[in-house]
Amino acid sequence: MYPQTHFAFGLLFIVILGIFTTLSPLALFIILASSILIDVDHWMIYVKEKKDLSIKKAYRWLVDAEKAKLSGMTGTRSVPNHNADKHKRQGRKFLCIFHTIEFFILMFIFSFFSQIIFYITVGCSFHFFLDLVYTYIYMGESRKPVSIIGSFLASK
Ligand SMILES: [Zn+2]
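Below or above, wherever it landed, is the structure these notes cover. All of these numbers come straight from a predicted model, not from anything done at the bench.

### Quick look at the packing of helix α6 (residues 101–111) against helix α7 (residues 115–139)
In step 1: Two numbers describe how α6 lies on α7: the axes approach to 8 Å, and their chain directions differ by 145°. Here the hand of the crossing between α6 and α7 comes out left-handed. Residue-level inspection shows Met107, Phe108, Phe110 and Ser111 of α6 in contact with α7, the latter providing Ile117, Phe118, Ile120, Thr121 and Cys124.
In step 2: When the residues that make up the contact of α6 with α7 are grouped by side-chain class, the tally is seven nonpolar, two polar and no charged.

Take a look at the structure:
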């Protein structure tokens with residue numbers, strides 16, 4: 001899902017929170033920011049793969065990768081099986097560290113000790129929920145690996 005889509009839904013989310021809760025503007029801002037910035041792990045993959053820090057190039061690279069992945073997923077008849085395997089392998093190779101169960105468990109635990117981390121966790125959870133819906137709609141059954149341990153074991 002594109003950052004601008006996350007921004008749009010995130011904005012809607014904090015407007016709703018702003019109406020129905022007593023959260024401060026700062027808390028709402030943290031929730032919105034973290035619901036977008038969690039995707040920084042995609043950029044980190046680009047930096048690692050390409051040895052380049054450009055956000056603009058990373059964005060283009062990731063959009064291309066996403067398109068390639070989607071075309072592999074939707075073409076159930078025309079796309080041969082080895083493509084699906086390739087995408088699965090790439091999924092493991094490109095594990096997004098902030099999109100994992102382990103990250104959320106840690107954030108959940110730290111939320112008890114810090115209000116800021118709690119707001120970040122809310123933002124990240126909302127982002128993750130959108131990602132799951134997006135993955136389900138566009139990729140059907142095949143979800144990206146969301147557990148560091150699980151994807152490590154799967155690659156064995
Ligand atoms: Zn994401």
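Now that the structure has been shown, we can carry on.
### Points about the packing of helix α2 (residues 25–37) against α7
Each packed pair of helices is defined by two parameters, the angle between the axes and the distance between the axes.
In step 1: Orientation of α2 relative to α7, taken along the N-to-C sense of each, is 45°, at an axis distance of 7 Å. In this view, α2 runs oblique relative to α7, as classed from their interaxial angle. Our pair here, α2 against α7, has a crossing hand that is right-handed. Counted together, Ala27, Ile30, Ile31, Leu32, Ala33, Ser34 and Ser35 of α2 and Ile116, Tyr119, Ile120, Val122, Gly123, Cys124, Phe126 and His127 of α7 form the full contact between these two elements.
In step 2: Residue composition of the contact of α2 with α7, by class: eleven nonpolar, four polar and no charged.

### Side note on the nonpolar core
In step 1: Ranked by size, the top nonpolar core spans 13 residues in total, and within it Ile14, Ala27, Leu28, Ile30, Ile31 and Tyr119 carry the most contacts.
In step 2: Elements that contribute at least two residues to this core include exactly α1 (3–20), α2 and α7.
In step 3: When residues no more than four places from it in sequence are discounted, the contact partners of Tyr119 are Ala27, Ile30 and Ile31.

### Focus: unusual backbone geometry
In step 1: The phi torsion at Lys51 lies on the positive side, around 55°, for a residue other than glycine.
In step 2: Along the polypeptide, Lys51 turns up in the loop between α3 (40–50) and α4 (55–74).
In step 3: The class of Lys51 is exposed, set by 7 C-beta atoms lying within 10 Å.

Criteria and thresholds
- Residues numbered from 1 in each chain as written.
- Predicted model: local features only at pLDDT ≥ 70, side-chain atom pairs only at ≥ 80, totals over all residues.
- Axes fitted to C-alpha atoms, helices over the stretch in contact; angles between N-to-C directions.
- Helix = DSSP H or I, 4+ residues; strand = E, 2+ residues; numbered from the N terminus.
- Left-handed = near helix turned anticlockwise from the far one by under 90°.
- Contact = placed C-beta atoms within 7 Å.
- Nonpolar A, V, L, I, M, F, W, Y, C, P; charged D, E, K, R; others polar.
- Parallel < 35°, antiparallel > 145°, perpendicular 65-115°, else oblique.
- Core = buried A, V, L, I, M, F, W, Y, C linked by C-beta atoms within 7 Å.
- Buried ≥ 20, exposed ≤ 12 C-beta atoms within 10 Å, placed from the backbone.

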